[in-house]
Structures are given as C-alpha cells and as structure tokens.
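Here are the chains, one letter per residue:
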Amino acid sequence: MLTLVCPVCGAHGDETDFHAGGQAHIRRPASHDPEHISDQEQADYLFTRINPKGLHFERWRCDRGCGKWFHAARDTVTLEFKAYYGITELPPPDIMAQARGAWADYFKARQKAAAKAGAKS
Amino acid sequence: MSKPRRLSSGGSRIDRSSRVSFTFDGKLMSGYRGDTLAAAVMANGQRLFGRSYKYHRPRGVIGLGSEEMNALVGVGTGARHEPNARATQVELFEGLAAVSQNRFPSLSFDVGAINNTLSRLFPGGFYYKTFMWPKVFWKHIYEPVIRKAAGLGVAPEGRDPDSYEQIHVHADVVVVGGGVAGLAAAEAAAVMGARVIIADENAVLGGISDLEDGTIDGAPQAEWARAAAQKLYDAENVHVLTRATVVGHWHHNYVMIAERVGDHDPAIPKSGAPRHRLWKVRAKQVILATGALERPIAFANNDRPGIMLATAVRAMVQRYGVAPGEQGVVFTNNDDAYLTALALKEAGIAVQVVDSRARADGALPERARAAGIAISTGSVISAVKGKLGVEAVKIASYRKGQGRVVSERSAPCDFIAVSGGFNPAAHLWCHNGGKLTFDEGLQSYRPGSHADAIVAVGAAKGTMALADIMAEARAAGEAAAKVALPKAKAAKLAKLAISEDARKPLEAIWFAPATGKYNEGNKHFVDFQHDVTVADLELAQREGYESIEHTKRYTTFGMATDQGKVGNLNGLGAIAEATGKTIPEVGFTTFRPPYTPTSFGAITGSLTKKLFLPVRQTPVFDWHMMKGAVFEPVGQWRRPYTYPRDGEDKHVSIAREILNVRNNVGVLDASTLGKIEVKGPDAGAFLDRIYTNMMSTLKPGRCRYGLTLNELGFIMDDGVVVRFDDERFLVHTTSGGADRIAAWLEEWLQTEWTDYRVFVTPVTEQWAQFAVAGPRARDVIAALKPSFDVSHEALPHMSFVEGTLGALPVRVYRISFSGELSYEIATPANHGRALWDALLQAGAPHGILPYGTEALHVLRAEKGYIVVGDETDGTTTPDDVGLSGLVSKKKADFIGKRSLEQAHLKAPNRKQLVGLYTENPEEVLPDGAHAVAEVKDKPPMKTIGHVTSSYLSPTLGRSIAMALIENGRARMGDVLSFPLDGKVVRATVVDPVFYDKEGARLNV
Amino acid sequence: MQPRYSIFSLARNALNYHKDWERAWRSPAPKAEYDAIIIGAGGHGLATAYYLAKNHGITNVAVLEKGWLGGGNSGRNTTIIRSNYLQDPSIAIYELSRSLYEDLSQDFNYNVMFSPRGVLMLCQTEHELRAFKRTAHANKLAGLDCRMVSPQEAKEILPILNIDPQCRYPVLGAYYQPRGGTGRHDAVCWGYARGADQRGVDIIQNCEVTGIMRDGARVTGVETTRGPIKAKKIGVVTAGHVTTIMDMAGVRMPIESQCLQALVSEPIKPIIDCVVMANTVHGYMSQSDKGDLVIGGGTDSYNNYSQRGSFPALEHTIAALVETFPILSRLKLMRMWGGIVDMTGDRSPIISKTPVDGLFVNCGWGTGGFKSIPGSGWVFADTIANDRPHPIAEAFGLNRFAEGRFIDESVAAAVAH
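Residues numbered from 1 in each chain as written. Chains lettered and ligands numbered in written order. Predicted model: local features only at pLDDT ≥ 70, side-chain atom pairs only at ≥ 80, totals over all residues. Heavy atoms only, no water.

Undergrad: Sorry if this is basic, but what is going on with the domain arrangement of chain C here?
TA: Bring the parts together and some accessible area is lost; that lost area is often taken as the interface size. Residues and elements named next belong to chain C. Parsing chain C into structural domains produces domain 1 (26-80 + 185-254 + 346-403) and domain 2 (114-182 + 256-343). The distance between the C-alpha centroids of domain 1 and domain 2 comes to 30 Å. Counting residues at the interface gives 17 residues for domain 1 and 22 residues for domain 2. Taken over both partners, the interface formed by domain 1 and domain 2 buries close to 1,600 Å², and the fraction arising from carbon and sulfur atoms is 56%. Counting the surface domain 1 buries against domain 2, the share from its top three residues, Arg 76, Thr 78 and Ile 80, is 37%. The interface formed by domain 1 and domain 2 contains 0 salt bridges. (Domains from an automatic or database assignment. Contact = heavy atoms within 4.5 Å. Buried area = accessible area lost by both parts, 1.4 Å probe. Salt bridge = Lys/Arg side-chain N within 4 Å of Asp/Glu carboxyl O.)

Rendered as structure tokens:
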C-alpha cells in the first residue's frame, strides 16, 4: 500500500486516504475551442492514455484531508513517488527531464507552445 | 507403535506438574502444559498424523514449527473448527479436540491409499493426459471423483462466533523474528531510543537458541536470549509481539503482522477478546531476522512417519522430553546435525550417524565420536522399511554425484533425523521485489539487493556463525535507529564473549541413490504434502516444462500449504543435477504473501455484520423502523420501500399509498436526496458548464429541473436546481448520486475551471427533507401556521420560499415527482423528526399517509418521469429519453456537449423512450423484457429494445410500462412483441406520459 | 509427430517409468522470416497461432514470448468461464469462446478440465436485480442457456450462501448460467502451445521484442533480443504490456495498465460446486479441484506494472465474502498475487486492425481475459489471415472510440468479469 504526501495541506497518509484521478495534464479541447474539435481529437481526449512502464504523471485528490486535487510523479514499476506539485503546475524541471517516450514528447510540445505564446505577446 | 515415548526427565518447555488431557481422532490422550500437539501426540506413542494429498501416504511430523506440511490437523469443533492447523504450532490446552485429515475411513486404514498402489500410473501432470474421453465423463465422473479426493481439512459449520480486530501503527524499526539475531538487533535499536516492534511467530522469544551449542559470556546462548528478551519487555519504547507472524511486506514498508491472540487458550476469545489481531505497521526500517529453515535430503521413501528434520528431533527431546523412537539414524551432509546425535545420546536413545560426506572431522563430529556414536561417512540411506512408520533402513556407500547403489547394508532403526543443510528464510525479502543471490557455501539462496528500507541479519542473511550473527545484528539495529532518528547517538553495548564450535562446510546432496535398478519406482519426495518426487520434476524437464514456473505448475511442486518452505531447494537442486544446469540457471519461483496462511477473519477484522458497511440513516429512520417499513438498499442508505399495515401484502400497501397521494395527500422521507450548495460570483457560469440546460438565467426564488451528462455525452444524474439569490444555488441530486456529484463538481472546479470563484458544499445530512404530495398538500402546510403565503399565486409550481412552519425553520420547494400538487419541505436535520410528526398530525384530518420508494416510482412512471438508472443506463443521451429540450443550443460548451456530436450518439436508429400498453391490461410486462423485430419459434431473435420500468398502475387501473425502443418515437401505435417463457406478450407503443398529460394537477 | 495422450499411452509409459515421453513443444531457434508473428505467448497469442495453423493453414508462424509461455495473466487469473453478458457483441465473442471450451480438450488432446459447474451471479440490490433481469431476457433471446433463480434456489445451488434477508446486502435473487464454469488455466496455454507446435508453429520463449520494423505505412518485422525477424503480418497480444509494444509502432492506445489481484485459500474439502459472483460487494469465488478457494478482487485505481497490488484492494473483497459466506472466517489465505491487466475506456476488448498495414492488435481484455481465450484466438486468427475484421471482431475495432460506439457492460449493474 502506497503512502502519499499532499502538497497542499501536507497530510501524509495511505493511498486509502487519497483518490487516484488518472493521467495528468490532459487538455480538454471543449474548454478552449469547442467549435473545432475532430471526432478523433475528442476520442483521444477521452480515451487515449500515456501508459508508461516507468515515470508517470498523475492526478490525485487528498480525499480525507484538505480535499484538494494535486499532481504527482510516480514510477509505475517501483511505485515510488518522485514529486508532488500543484494541480495547475507542470512537474519540477528535474523530474520533467526524466520523462521518457510519450511523456517526453508531451512536455516538449508544451514548452514549444509556451515559447510560441511568449513570442506572440 | 503406541508405547508412550515421554522421557523420564528433560523438556525445557513443559511443566510436568500440570497435566493436560486432550483428544486426537476421538482418542483421549494426555500431555503437559507447554507441549505442542505434535509433541503430546508423539509422547502418547502415536506418530501417524495424516495422509498426503495425492497418494494418501501415511505421514507424521517432519518439522519444528510453521514450516510443517505433513502434520496438519483439524482443531476445535462446529463453528469453532479450524482446518489445516500445524500440529507443531498448536499449543496444548485442556479439552483440545484435534482430528487428522484427508483419510477415510480411518487414519491407519485409508482407502485413498489405493492411489499409492496405482501411483505408477499417476506421474506429475498425468491428469492433463487423460480423463478426456468420453467428453461428458469429465463433469459427471472424473471431476466429481477428483473433487471428492481434493482438499485437506473440512470447513467449519456456521458463522464464526469469535471476533477479530486490526491495529494500525507506525514504528521506527520492525524486527521480524525473536531469535538471538532479532533480539540483538532490537536491543541495539531500542537503546538508541527508536520505537521498536519485535514480532515472533512462536510463544516464546529466543528462536532455536535453546537447541544450539554456542555460548555467550560463558553461558548457553539461550540464557543471554532470555535476559535480552526481558530487557525488551521492560523497555518503554519496545513492543514485543509473540504468537505473531509477520505475514507480508508491501510497498513503502507496509508490514503486516498476524497475531494469534486466542488460539492457545479458548477462554480468551470466549471472553470477548479477539481470536486474531492483524497489525498493519508502517515501518521506517525493517530488519529481517527470520533465521533459516532446515532442508531434508531426497532419499527413497523419505516421507515415512518417523523421519523428521534433525532440529525438530532435537526439539522433541530437549524441549518436550519426547523420544522420537528407540533407535535412531541421523542422516546428514553437515556438522549441525551432530548436535542432534549428541542430544539423543545424552537422552539415552541409541543413535548412529550416516554422513554423505567422505570425511566428517569437524569439531562436532569429533565430539560425537568421542561420545561413542557410530558414524558412517561417505554413506546415504538407500531404502526405508516400514509403511506406517520406519522399521529399518538400508545404508549404502556413496560418493558425491553417485546415482546408483553399489553396496548397501541393513540397519535397524525406528526413526530418522535428517539434515540437508539450511535455507535462509528469505520469503519476506521477496514479497516486495527483493533480489536473492545463490550462496555456494550454503548451497542455498540468501537475500541480495532490495530497493526498500529493509535489511536481513543472521541466518536469514546466510550468516551462520554466532559471533558474526551478533555483530551483524547489533550493527543493523544501530543503523536502523540512525535512519529513523538521525540525531540519536550510538549507545555503547557491552562487548560479548562468544564461543562456538566451528562448522566444516556441508556438501550438497540432492538425490540419494536408492535400492533397485536405476532407482526405478522409488519415491524421493521434495514436496511431501503434494507428493511431488524427483522423478516428477525430471519428467517435467523431459517434456519441456523447463521454466521453473512450468515445472511448478505442471507438478504442483511448492504449491502446498507450506509454499515450498521445506523442500523447495531440494527440488531445484534435483532439477539442476538432472539437467546439468547450475541451480541459479534453474531459477526459482517467487515467494508471495502471506508467509504463513492467515485467517480471513483477521483480514476482515471488525468489518462484519453491522460494521461491514454501515447503514446511513435519515433523521426519521427510527420512525420507519417503528412503523414496520419494508426497506430497500439505495446507495449506502436503506429507504422505506413501503409501509404495510399489519398483515397487509406489499402490493396492497403500495397501491394504497399511491391512491392516497392521488386522492388525498402523502408524505415521503426524501432526506436521502442529494443536496449541494454552490455559492460564489461565478456559481451560475459554473453550473452552466455542468448542466445541459441554462442555470445562470434562473431567477432567485425559482427552481429548474436539470440534467448532468458525463464527458461521453451520457446522462449521469438529474435533479432540481434552486436559486436562493444571485450567488447561491442549491443543487439536488439522486440519492445514490449525492457523493459522486459533489466530488464531480469539486473536480471540475479544481482541475478545469480553476479561475471560477465558487464554493461547493455538500449539505445532504444537514437537512431533513419531506415531500408532501397530493391534492390536499396545501391544506396540510397551511395548517402548520406558515410564515409565508402558500397560495398558488404566491408560491407557484417550481418556486421556493424560506420561512417557518410554526416554530420550525423550513425551506419549501414547490416541486413534484408525483405529478400532484407537491411541496418538498427541508428543515435542519435536528428538527427533522419534529417536522415529520407535525406533518402527520396536521395531515391527519386530510388523510395523510407515509409512502415509500415503490409508490414514488409508480407515481412518477404514471407521469412518464424518468429515473436515472432505470430509464437510463450509462449509455443513454438526453434525446434518447425525450429530453433534448433540456439541452441548450445556445451554450458553446457544457460537460458532454461535444461527445453528443460523435457519430453513434446521433445515429438515426437509437433506442428512444416510449410508453407501452399491453394488450391485456392485467398483464404486467417483466422488467427488462426485450421486444423483438420478428418472433421466431426459437432463438436467436434480434431485439429492438427493452422495458425500463413496468408497473400495475392503480391510478389508471391497468398496467403501464416504459421502454427504450429503436426509433421508438416513430413507432407510436405500433404493436410490439415481447417473447417470454412459453408466450409472447404484445404491447402498443404510446406516449410515455400516461396520466395528466397537460399537467393540470400540478398547477392548482 | 507426438503420440496422442490417453490412459493407454499413460499405461504404456508407466511400464518404463515415464522415461519416454516426448517434449510437449519444441524449443526452436527463430528463423529469419515468418508469414506471421504473434507477439506474446499467453493464452490469446497461442490460441491465435493455433487457429492460424488449424483454421487457415498458415503454419509458418512464430509466437514470441519475453518470458515463459502462459506466464502472464493466462496463468494468474481465477479461471472463470461464462458468456452471460448484456451487449450483443460481448455475447457473441464470449459465447463463441465458451462453446469452444466445451470441446477444447478433445480438440487438441490435452485436458483443460473445462468444468461447466455453473456460474451464479448474486443480485443484492433492487437495481442489480432489475439489471440482471434485463440481461437474462437479452441472453434468452440470444439463445443462451441462462435463468434467474430465487434466493432459495440459489441456496440449493450453493448451500453455504447466507440468504438472511436482514443482512446488509440481502440476496434478492441470482442470475445463473449452468454451462458456465471454470477451466485449468495453465492447461489451456499448454494445450494450445502443444497443438500449435505440432502444426509447425515456432514458439520462441525468452525472446523479447525490442522494436517494430516498418517500411512506410506497413510492418516488415520485429527487432528482438535474439535478432531481427521478418514478417509481413504481426499480431500484438501482450495484454498489460500492449502500450509498450504499440508505442514501438507509433500507435497510441486507449489503454491503462493496472494490477488485478487474486488469492487462494488453503485446500479444504469441497464446499462450493459452482462459481459465485457478488458484484455489489465486488467479490467472486470458486473452488479448484485441488480444494483451494479461488478468489478474485478488483483492480488498483492507479497504473501499476509491478505485479504486486495493494492490500486494501483485497481486504474489501474478503470482508464482503465473509459477510456473504460466514464460514470463510476461520479459513486461511494461502497465497495472493497480481497480474497486469489492460483496461480500455469502455472496459471491453480491442480486436482490430491498426493504422499500420499488417499490424493487428488484440488487447483490452482487462479482467475478463481467460474466459475469452478460444474465441479471441479464433476471430483474431481469422482477422489476421484475411486482413479484415472477423464479423464478431467488427464491433471491437479501435475506431469505435472516435464513433462513440462503446460496448459498455458496466451498465449491467457494474458486473465484474
């Protein structure tokens, strides 16, 4: 049984005190541009998942504590938690750097997009 | 064979002054306090304990404690019976009733033994090759026979009268095992101030120190152990657990300890104390001091009663003063077993040693020689005479690796003490992925690397010399304490003067050649309980089941209740020899929790009966009970289904409740209805995202029915939303959905629309809420001195008012799920009962009666209102149930909106909600009945939809049903066929609103 | 060619102490090229190879296995076989599978001990009762032999059942499939392996796929720890590890891998002669021919590749079963373990072509894989052989997620597989 630490209230508890919320950093297209979403984009948003053997990024809720959602980086093989961070935040850079495969691609894309946005403004 | 075997003196564990009588297979026997059942039965001259699993061979005790896999017995009777208890761990108490297992009709004469006679036909995995013809025979002949033979003990009868409990604790250091290593490690950690838990599966600490020869500070090591244990008992920061087996180790150092609180004394559970207690410990550091398990040697018929592990024989003599027999042979490949020879000699029991090694010149063998014990080196036991017990053996000359007997001689004896070396008990090391490495010296696996904060010390790590064990254990204890308490200073422990006879290396022997050509037909057992022999393992290799996992599964090697504790390595060694591989090349199967079998009662703890899943109760639950309501589970609630009057049939009472709502007035406990307050400047905008329809436009003081979808576009929940003022809404949900929807709102608020300034507060339990429904509902409210105007003009349908009824603060929602004039009145929960009573009193002149959930369902069905979960099933869209009007076209986005555009969700032939009138108005379609496109005389028939709700409507005096039918709305007037057993029910498709279509009764 | 297994061959071999039995399957070295490669020698992969050879005459096939055959979920499940599902596509695949199990032992001359002892699914809420009635009607019209039974009938089928109406979740009835039951999971894999091997299929164990070779839009072979192997058709059947393999081909999957746990009790004399499922309390149980009670629980709620589940996931199941079968309390847990299951968005499997030509995938069986092995292999082999979905496989295509055409069995009162 896992133990977690809530980055919001600091509660340190068993996994039964928390609620696992699945993959993190999934962008909901309808919140941004509801008019232009292809069926495939919608299906990807709903179902396609990064399912790595190794470092993974997830959403958890501090169920029996402050009730807040937060992000966690966890290894799906050793089940070791590498980092906890805010629900609106990206992983700490050193952890993000350890991402492999689909996650590495994802974070690269995010950073590129951010850079573009920065360039515009 | 039934001559008493208690020695006249000796027995460190027993109290000869206190006799204990007990029964074994109904036979009255007597022993002493401190005996194990194994010792006591043997003391009474019986060594036959049970029958093996496959060949039903007679078996006796082989081991010392929890590794025992032969002497499994049933203990206790009736509801307190426990099957498969290990006789070596069962502590004797007055009146103990034990029975042997897996034999018929009796232990000494067992018809199942025919399997042994035929065993040549039954090699490993034989059942995969036969019993296939004729086909039907498997289910009706072969399997029943096999199943009859299956299993060992019998299950108890009835509900377990005993109780169980669980404890959750944190510890700095958990020490597993109370032998000298565990004691030393615990002491070292404790003196540094660490909070230590030390757990041992036996009744007393000390491990097998009392059976060992080494001394500490000039005294037997057992004395040091006794003193060290006492110090731990006295220490404030140490918790000592005995009869407590550490059964599992999981992620993040989650350690589980199964404590057998009451098994040794039935008075304890009878007094109300738990029988077992499960400790769930979160440890900063774990120290494994689980010692090592002696392994046997595979020789022909090495399973006969009277053949025991050498340490177990020593324990019989020294702990219990029991002689295993009159004349013994010690068969060994190492020096330790000579301690057993010496112990036997000292107890006056004739003994000789057979040592497979060419030379035996270590200190212990020399001591044995000096004591006049005959030693045959370069020898093995090649045959055992006797079936129900050892009668004699053949001793053959042997050189390492020799496969066949060249010369042999007979030797009389009636018991054998065997030792093939020791295997570190590394099981827990592997539970959470620890690695093992093969130790050439031990010829066994020992702990290697581990990712968790866990270390192994002493014999558990393969360290066998006492001095090394103590040094290693103390260092580990200190290091563990340091990790847990970085500031703690290392405390100085007195240096120990340790002396012990040095051991010469053992010489592995995995197979002792047997009398007879090529060992044919001889049984060299490596898994005693499952009757797996070396020949079976070789057969598995020959047939290509080479992966050790294949071998295990094909032969059932290591799958018995001891999970391979005793014979596992012997098997691996035999495979290695047979295939010319090294043992590491052969590999090993994973050890998994639990270390020893653990009662389901302990795992359940107190979560039984009422505590299994506590019932949620509304403020008037007691009243419902008092009135003899029939209940139905709804989520975690139990809601009144109906209120039958004395002797009244359920259907009668339901019809009565319905008609009373239609004609007079009824009252329903709707407190279970989910209630969530949503407040904040952005509450309206937020609810617009959640609901399919517009909520931000709702006027304060008004109510609006809303649908919530999941992101797949399917209906998830529904309910009435009330707006108190600009920034405050109350969201009603279904009873089952309350918690889910509250969490759902929070999730979206926190994870998607994080900029919204909104608070979500579930208030379901804060309010009691009652529906007063029926044409005379207003009269009832009016009679309660409302602080507000209840006229239709002032309080129209779908409106809200807050005020008082008499002294009671209330929120009144004029909403209806019955189609009648109806008010849902909420009051703070603590006023709930008062309001309920007031309503019944004020309503009495108007004929008010309580109604239950079934009446509620019929009332709503007559009106064609859907129930989420009945008319919807998680694949239903708003349009499917005719509620597309509630789906806003204006809103750019709400949860589920985009998915409603996916091809299949707007497909033309989807199932749509319709009403049904059966041709025979008396006929009530069964729930879930399916309509077919075309009736055929036999299946398969294509279905076009199913009945979602079906009732006999007392209001309309006929049956009504709602159904989801492909293209249903286009089929109005069509007659559909529902094939049921032996008949076809025909029904006409109609509008799902059966009663008061224009809603006149609502607006009065 | 292998001699047939029978009581006679047993007797014959007994004469010289079983020293002449041949290997059940060869241990060949990989060839440079095959007509088809199946990745994963679990039940589904081996069955696919077997039916490719037997039904379609495609025998130049290799089954590549990272570890040992049958070593994944095929050897870790609770061996339940049933077909009484709600949705038509599910009924089709699971009933094909169940009916193939009926004759499987005879078909490949290896006793899989298919035991149609009956599957009893308890209804413990009004809602569950209604949902099962709906399933019962659907199944009847589909031609399945199933029926609803009363609490009393249920107790006759399963005498240790607690039908006290006062208990927390009273048994209101049960849904019964008499021809459902169990089978010997290892034997299913071994029988398919032996049958495929006899027909010329190469089963190559300890051979891990490390890459998928592509030529533009189509596959050309695989990279393995034993060198590259060419093939124009590749079937991926790797359950919990399907994402890892499909990532190599650049195909993203709607899959999450979680740990599903099971456990066995100590062996006791028979007390349960059927399979019982209590879905309201998330537990299911049967008794093996060895006498162990075989108990399955739910999955962990988070992704997990460790094959070690968390204890709380099992505690609830055990508490629930003790409440429903009080005599369990004094019996003992002997062994628990976990398997990595592949969960799809709608909890139904995927048997499908992929955007990459020649690449086929069969996965997503989640908690229901064992019962479907023969049917899954049958339709997947047909799909690979003919390069188009078998009629039964059509509903299980990857495209269903974009169309919103889900196959949701959970609507039948969250029935566990």
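Undergrad: Just checking my understanding: could you explain the pattern of salt bridges for this structure?
TA: Side chains that carry opposite charge are capable of pairing whenever their charged atoms lie near each other. On inspection of all chains with the given rule, the structure shows 94 salt bridges over all chains. For Asp 162 of chain B, the salt bridge is made with Arg 330 of chain C, and the minimal N-O distance between the two is 2.8 Å. With Asp 162 of chain B in the loop between helix 3 (137-149) and strand 8 (164-176) and Arg 330 of chain C in the loop between helix 8 (312-324) and strand 16 (332-344), the pair connects residues from two separate chains. Between Asp 289 of chain C and Arg 117 of chain C there is a salt bridge, with its nearest N and O atoms 3.3 Å apart. Remark: Arg 117 of chain C occurs in the loop between helix 3 (88-108) and strand 4 (119-123) and Asp 289 of chain C occurs in the loop between strand 14 (283-287) and strand 15 (293-303); sequence separation between them is 172 residues. Residue Asp 289 of chain C shares its accessibility class with Arg 117 of chain C, and that shared class is buried. (Helix = DSSP H or I, 4+ residues; strand = E, 2+ residues; numbered from the N terminus. Buried < 20%, exposed > 50% of the residue type's maximum accessible area, 1.4 Å probe, protein only.)

Undergrad: Would you mind going over a nonpolar patch on the surface with me for this structure?
TA: The grouping of Val 136, Phe 137, Ile 141 and Val 145 of chain B at the surface amounts to a nonpolar patch, some 340 Å² of accessible area in total. Following the sequence through the fold, Val 136 of chain B ends up in the loop between helix 2 (114-117) and helix 3. (Patch = residues over 30% accessible without salt bridge, like charges linked within 9 Å, V, L, I, M, F, W, Y side chains within 5 Å. Areas by Shrake-Rupley, 256 points an atom, 1.4 Å probe, with all protein chains shown as cover.)

Undergrad: Looking at this structure, how should I read the packing of aromatic side chains?
TA: Aromatic rings considered in pairs are described by the distance between their centres and by the relative angle of their planes. As enumerated under the stated definition, the model contains 59 aromatic pairs over all chains in all. Ring plane angle 20° and centroid distance 5.4 Å describe the contact between Trp 103 of chain A and Phe 107 of chain A, whose orientation is recorded as stacked. Of this pair, Trp 103 of chain A and Phe 107 of chain A are both found in helix 3 (residues 101-120), 4 residues apart, which corresponds to roughly one turn of the helix. Given the relative accessible area of 2%, Phe 107 of chain A is considered buried. Measuring from centroid to centroid gives 5.4 Å for Phe 800 of chain B and Tyr 813 of chain B, while their planes differ by 25°, and the two rings are stacked. Taken together, the residues span a long stretch of sequence, with Phe 800 of chain B in strand 42 (residues 800-805) and Tyr 813 of chain B in strand 43 (residues 808-813) at a distance of 13 residues. In this structure Phe 800 of chain B comes out as buried when scored by relative accessible area, which is 13%. Positioned above the aromatic ring of Tyr 17 of chain C is the side chain of Arg 120 of chain B, whose terminal nitrogen or guanidinium carbon lies 4.2 Å from the ring centre. (Phe/Tyr/Trp six-rings, centres within 6.5 Å; stacked < 30°, edge-to-face > 60°. Lys NZ or Arg CZ within 6 Å of the ring centre and 35° of its normal.)

Undergrad: What am I meant to see in the sheet that holds strand 5 (residues 147-149) of chain C here?
TA: Read from one edge of the open sheet, 9 strands run 32(B)-16(C)-12(C)-15(C)-14(C)-13(C)-4(C)-6(C)-5(C), paired in mixed fashion. At either end of the open sheet lies a strand with only one pairing partner, and these are strand 32 (598-599) of chain B together with strand 5 of chain C. Taken together, the 5 bridges between strand 12 (residues 255-265) of chain C and strand 15 of chain C define a ladder with antiparallel strand orientation. Note that in strand 15 of chain C the partner of Gln 258 of chain C across the bridge is Asn 303 of chain C. Against the sheet, helix 8 of chain C contacts strand 4, strand 12, strand 14, strand 15 and strand 16 of chain C, and its axis sits at roughly 145° relative to strand 15 of chain C. (Pairing = 2+ DSSP bridges. Axes fitted to C-alpha atoms, helices over the stretch in contact; angles between N-to-C directions.)

Undergrad: Explain the interface of chain A and chain C to me, please; I cannot follow it from the model alone.
TA: Contacts between the two partners involve 23 residues from chain A and, on the opposite side, 25 residues from chain C. Contact between chain A and chain C buries roughly 2,000 Å² in total, counting both sides, with carbon and sulfur atoms accounting for 57%. At the surface where chain A touches chain C, the tally comes to 0 salt bridges. Taken together, the connections running from chain A to chain C amount to 10 residue pairs in polar contact (both at pLDDT 80 or more). Breaking the side of chain A that touches chain C down by element, the ones donating at least two residues are strand 3 (19-23), helix 1 (39-46) and strand 4 (55-61) of chain A. A class-by-class count of the residues in the side of chain A that touches chain C yields 10 nonpolar, 7 polar and 6 charged. (Polar contact = N/O pair within 3.5 Å; in protein donor to acceptor, adjacent residues only side chain to side chain. Nonpolar A, V, L, I, M, F, W, Y, C, P; charged D, E, K, R; others polar.)

Undergrad: What exactly am I supposed to notice about the nonpolar core here?
TA: One broad rule of soluble globular proteins: the nonpolar side chains tend to lie buried together. Formed by 92 residues in total, the largest nonpolar core has its most connected members in Val 678 and Phe 686 of chain B together with Ile 37 and Leu 359 of chain C. Ignoring any residue separated from it by four or fewer positions in sequence, one finds Phe 686 of chain B in contact with Val 678, Leu 745, Trp 748, Leu 749, Trp 753, Tyr 756, Val 758 and Val 760 of chain B. In terms of nonpolar packing, the next biggest core, distinct from the first, is built from 84 residues, Phe 126 of chain B together with Ile 81, Leu 129 and Tyr 175 of chain C among them. (Core = buried A, V, L, I, M, F, W, Y, C linked by side-chain atoms within 4.5 Å.)

Undergrad: Please clarify how unusual backbone geometry should be interpreted in this entry.
TA: When glycine is set aside, most residues are seen to have a negative phi, and most peptide bonds are trans. Residues and elements named next belong to chain B. The omega torsion across Pro 593 and Pro 594 is -5°, close enough to zero to call that bond cis. Mapped onto the secondary structure, Pro 594 falls in the loop between helix 15 (583-586) and strand 32. Here the amide bond leading from Pro 939 into Pro 940 is cis, since omega sits at -5°, within 30 degrees of zero. With respect to the helices, strands and loops of the structure, Pro 940 is situated in the loop between strand 47 (930-932) and strand 48 (943-953). A positive phi angle is found at Met 798, which is not glycine, with a value near 65°. Looking at the secondary structure, you find Met 798 in the loop between helix 21 (777-782) and strand 42.

Undergrad: Explanation requested: the sheet that holds strand 22 (residues 392-397) of chain B in the structure shown.
TA: Strand pairing within a sheet occurs via backbone hydrogen bonds; the two strands may be parallel or antiparallel. Residue and element names in this part refer to chain B. Strand order in the open sheet formed by 3 strands is 21-22-23, and the pairing between neighbours is antiparallel. Edge positions in the sheet fall to strand 21 (379-385) and strand 23 (408-412), since each has one partner strand and no second. The average angle at which neighbouring strand axes cross in this sheet is 30°, direction not considered. Note: strand 22 against strand 23, 5 bridges, orientation antiparallel. Across the sheet, Ile 395 pairs through a bridge with Arg 409, a residue of strand 23.

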